[in-house]
Amino acid sequence: MTEDDEFAEFANAHAERLRTTAFMLCHDWHLAQDLTQTALTKLFLSWRRAVQADNLYAYAQKILLRAYLDHRRRRSSTESTPGVLHEPAYRESPELRLTMLDALGRLPARDRAIVILRYFEDYSVEQVADVLEIPASVVKSQTRRSLTKLREVLSADQLALFA
């Protein structure tokens, strides 16, 4: 199997999950697709080195997260898309998902990344610290603050959401 075939197999197996993670970070399916494509392009360009990683998916996710944070730092990240964007249909509780995504959207970019990596991707504190290149103590304190803010935002809907 050639390196191109190995990459294509990896990309086919993991692109959707990477795109979902990107959407949870940015709340825009078009931007999520762009971020996923950017991450996969960068992964392809460094494939020989990347394939030696202990966890290739985590390596790809780190590239995706850096692409997202880089995008947020640019001025163009404040642009908005006119019109209504249609999200894919969800099988389970779309109201809960939209409410949670809205609440996550109120967090700053790095805090949102921490929460998503900790609770959506099930990373440990140390893994999140490694991916974001910040101390574990910062991950812990930002997680605590972010969860407090999410509880405040969701307090009115909490009984309806989790009944």
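Residues numbered from 1 in each chain as written. Predicted model: local features only at pLDDT ≥ 70, side-chain atom pairs only at ≥ 80, totals over all residues. Heavy atoms only, no water.

Colleague: I'm lost on unusual backbone geometry in this one. Help?
Modeller: Most peptide bonds take the trans form, and the phi angle of most residues other than glycine is negative. One non-glycine residue, Asp 122, adopts positive backbone phi at about 60 degrees. With respect to the helices and strands, Asp 122 occurs in the loop between helix H6 (109-120) and helix H7 (125-132). Judged by relative accessible area, which is 64%, Asp 122 ranks as exposed. The backbone phi angle of Glu 133 is positive, close to 55 degrees, even though this residue is not glycine. When you line up the elements, Glu 133 lands in the loop between H7 and helix H8 (136-154). On the basis of relative accessibility, which here comes to 58%, the residue Glu 133 falls in the exposed class. (Helix = DSSP H or I, 4+ residues; strand = E, 2+ residues; numbered from the N terminus. Buried < 20%, exposed > 50% of the residue type's maximum accessible area, 1.4 Å probe, protein only.)

Colleague: Sorry if this is basic, but what is going on with the nonpolar core here?
Modeller: Considering soluble globular proteins, one finds that nonpolar side chains tend to be buried as a cluster. Grouped together as the largest cluster of nonpolar side chains are 47 residues, with contacts concentrated most on Leu 35, Leu 43, Leu 65, Tyr 68 and Leu 132. Elements represented by at least two residues in this core include exactly helix H1 (3-26), helix H2 (29-45), helix H3 (47-50), helix H4 (56-73), helix H5 (94-105), H6, H7 and H8. Among all residues touching Tyr 68, those that are not within four sequence positions of it are Leu 25, Cys 26, Leu 35, Ala 109 and Arg 112. (Core = buried A, V, L, I, M, F, W, Y, C linked by side-chain atoms within 4.5 Å. Contact = heavy atoms within 4.5 Å.)

Colleague: Can you help me understand empty space enclosed by the protein in this one?
Modeller: Once rolled over the atoms, a probe with the size of a water molecule shows which space is left empty. The full count for this structure, using the stated rule, is one cavity of 30 Å³ or more. Looking at the largest cavity, its volume works out to about 30 Å³. If you trace the largest cavity, you find it lined by Thr 21, Leu 25, Gln 61, Leu 64, Leu 65, Ile 116 and Leu 117. Of all the secondary-structure elements, those providing two or more residues to the lining of the largest cavity are H1, H4 and H6. Of the residues forming the lining of the largest cavity, the biggest block, three residues, is contributed by H4. Each residue belonging to the lining of the largest cavity can be placed in one class, and the counts come to five nonpolar, two polar and no charged. (1 Å grid on protein atoms, 1.4 Å probe; cavity = no way out; pocket = protein on both sides within 12 Å on 5 of 7 lines; lining within 4 Å. Points joined across faces, edges and corners; volume = space filled by probe spheres on them. Nonpolar A, V, L, I, M, F, W, Y, C, P; charged D, E, K, R; others polar.)

Fair warning: the whole summary comes from geometry, so function is off the table for now.
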